[in-house]
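Per-entry structural report
Residues per chain, in single letters:
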Amino acid sequence: MKILGIESSCDETAAAVVEDGRIVLSNAIYSQIAKHRPYGGVVPEIASRNHVAKLPGIIDEALAAAGESFESIDALAVTYGPGLASSLLIGYAAAKTMAQRLNKPLIGVNHHEGHLHSVFMKPDALSKDEAYPMLGLLVSGGDSSLVMMSGPGRYELLGSTIDDAAGEALDKAAAVLKLGYPGGPVIQKTAEGGNPDHIRFPRGLDNVDRGKWVYKYDRDLCFSFSGLKTALLTHVKNLDHAPEGDELRDIAASYQEAVCDALATRVERALKRFPIKSFACAGGVSLNKVLREKLTQLSGKTGIPLLLCPPAYCTDNAAMIAGVAYEKIRMGKTGPEPIDVNPNLRLADWV
Ligand code: KG4
């Protein structure tokens, strides 16, 4: 079965054709990073205007690269949340129109679910039967959470960030250090050869009094990066000069270490608590080398297999969306077609 996926939840305009959930026949992406770089972050109005301009060409490119046509695909899949409302609407309107015009099914997919699915998008990945129950660390630009996946379409949120996401913390740190946008890749590059122990930046939440904890999820499985960000800002303000050279490398390495350590520590706690067959990491931040090393070490230490997303599918893409849609169709869980986008869509079991 060949599915045309569409993704436009933030600043990537993407379309892909995927066969039987795993075989990626094409994966066309127009990244808008250069358009948003002058502003140091994503500007929703610019993002949605670019989706309007680029999506038709990206869909044509995905179909042509796959050797398919509108007529030959079996179904359409679209991200309908979470994300920026004005961006989601462009992909949704396009997919809905095509589905009606072609008289083909349209499957609505949760963007986070797409990221979690992306770890299966390589030929040698564990099968879902081998992987579940699986612990997922989702680290994208806008979200950091730990999810228990007991089976396809069965999710339990174990913990989440109470403030910034890890990607956001890296993006904001890069702005403080005047390194540019997006922050994750530039912090990683700047940190090369730096000393990660130069500054002991806070890891968040461990000193929060349990009696004063007001959130729904267990404190030990939640994340917080706002204190870390403030610690960096304070450190830089207290210097009487703008850091550069070795000093800048050491600061970037120490900051990156704190972000990755905070993430890996929560994963380690969850691995000890829950009986799982594998664990996974997905989303843009999962490209980070230090994080990958820490999680790989954890896998070696515990003997629990780790599924890492292939680099091409870590950041936003439509192949992961088509992949989830295939699973939904295969299990007869397509549900009612979404009647609108939902910028605050939560992960929910397929019913
Ligand atoms: O998953 P994604 O494309 O966006 C959302 O769905 O939100 O992730 C974007 C995030 C950005 O915050 C970016 O700084 C981060 O992924 N990122 C990285 C790396 N490459 C991208 N973070 C750490 N290390 C990287 N190499």
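Residues numbered from 1 in each chain as written. Predicted model: local features only at pLDDT ≥ 70, side-chain atom pairs only at ≥ 80, totals over all residues. Heavy atoms only, no water.

**Description of the packing of helix H2 (residues 44–66) against helix H3 (residues 85–102)**
In contact at an axis separation of 8 Å, H2 and H3 are set at 25° when each is read in the N-to-C sense. By the angle between their axes, H2 is roughly parallel relative to H3. Here the hand of the crossing between H2 and H3 comes out right-handed. In this structure, H2 uses Pro44, Ala47, Ser48, His51, Val52, Leu55 and Ile59 to contact H3, whose residues at the interface are Ser86, Ser87, Ile90, Gly91, Ala94 and Met98. Split into classes, the residues belonging to the contact of H2 with H3 amount to eight nonpolar, five polar and no charged. (Axes fitted to C-alpha atoms, helices over the stretch in contact; angles between N-to-C directions. Helix = DSSP H or I, 4+ residues; strand = E, 2+ residues; numbered from the N terminus. Parallel < 35°, antiparallel > 145°, perpendicular 65-115°, else oblique. Left-handed = near helix turned anticlockwise from the far one by under 90°. Contact = heavy atoms within 4.5 Å. Nonpolar A, V, L, I, M, F, W, Y, C, P; charged D, E, K, R; others polar.)

**So, the site of the ligand**
Taken together, 21 residues lie near the ligand, and Gly141, Asp171, Gly184, Gly284 and Asp316 sit nearest. Gly284 is positioned with one of its backbone polar atoms (N or O) 2.9 Å from an oxygen atom of the ligand. Within the complex, the protein chains bury 88% of what would otherwise be the 560 Å² of accessible surface of the ligand. Looking at the shell around the ligand, the elements with two or more residues in it are helix H4 (111–117), helix H6 (166–176) and helix H7 (183–191). (Near = heavy atom within 4 Å. Polar contact = N/O pair within 3.5 Å; in protein donor to acceptor, adjacent residues only side chain to side chain. Areas by Shrake-Rupley, 256 points an atom, 1.4 Å probe, with all protein chains shown as cover.)

**Some thoughts on H7**
Taken residue by residue, H7 has Gly183, Gly184, Ile187, Gln188, Thr190 and Ala191 as its buried positions. All buried residues of H7 lie within an arc of 165° about the axis, which places them on one face of the element. In H7, the exposed positions that point more than 90 degrees away from the buried face belong to Pro185 and Lys189. (Buried < 20%, exposed > 50% of the residue type's maximum accessible area, 1.4 Å probe, protein only. Arc of directions from axis to C-beta.)

**A few points about the domain arrangement of the protein chain**
Domain assignment breaks the protein chain into domain 1 (2–117 + 315–330) and domain 2 (131–308). Taking only C-alpha atoms, the centre of domain 1 and the centre of domain 2 are 27 Å apart. Contacts between domain 1 and domain 2 engage 13 residues on the former and 15 residues on the latter. Between domain 1 and domain 2, a total of about 1,100 Å² is buried, with carbon and sulfur atoms accounting for 72% of that surface. Area buried by domain 1 at its contact with domain 2 is led by His112, His115 and Leu116, which between them contribute 49% of it. Between the two partners, domain 1 and domain 2, sit zero salt bridges. Of all the secondary structure elements, the ones that give two or more residues to the side of domain 1 that touches domain 2 are helix H1 (33–36) and H4. (Domains from an automatic or database assignment. Buried area = accessible area lost by both parts, 1.4 Å probe. Salt bridge = Lys/Arg side-chain N within 4 Å of Asp/Glu carboxyl O.)

**Looking at helix H11 (residues 319–330)**
Over its 12 residues, H11 runs 17 Å from end to end, which matches the ideal 16 Å to within 8%, given 1.5 Å per residue. For H11, the tally of buried residues reaches 10 of 12 residues, placing the bulk of the element in the interior. In the stretch just after H11, Gly332 is the one whose phi turns positive, near 65°. (Expected span 1.5 Å × (residues − 1).)

**Quick look at unusual backbone geometry**
Cis geometry marks the peptide bond from Gly81 to Pro82; its omega dihedral reads -15°. Along the chain, Pro82 turns up in the loop between strand S4 (75–81) and H3. For the bond from Tyr132 to Pro133, the omega torsion is 0°, close enough to zero to count as cis. In this structure, Pro133 sits in the loop between helix H5 (128–131) and strand S6 (134–139). Its identity is not glycine, yet Asp20 carries a phi of approximately 50°, on the positive side.

**Some words on the packing of aromatic side chains**
Applying the stated rule across the entire model yields four aromatic pairs. Geometrically, the ring pair formed by Phe201 and Tyr255 is edge-to-face, given 5.9 Å between the ring centres and 75° between the ring planes. Of this pair, Phe201 sits in the loop between H7 and helix H8 (226–238) while Tyr255 sits in helix H9 (residues 245–273); the two residues are 54 residues apart in sequence, bridging distant segments of the chain. Seen in terms of ring centroids, Phe223 and Phe225 are 6.3 Å apart; in terms of plane orientation they differ by 10°. Their pairing is stacked. Neither Phe223 nor Phe225 differs from the other in exposure class; each is buried. The residue whose ring lies beneath Lys54 is Tyr30, and the NZ or CZ to ring-centre distance is 4.9 Å. (Phe/Tyr/Trp six-rings, centres within 6.5 Å; stacked < 30°, edge-to-face > 60°. Lys NZ or Arg CZ within 6 Å of the ring centre and 35° of its normal.)

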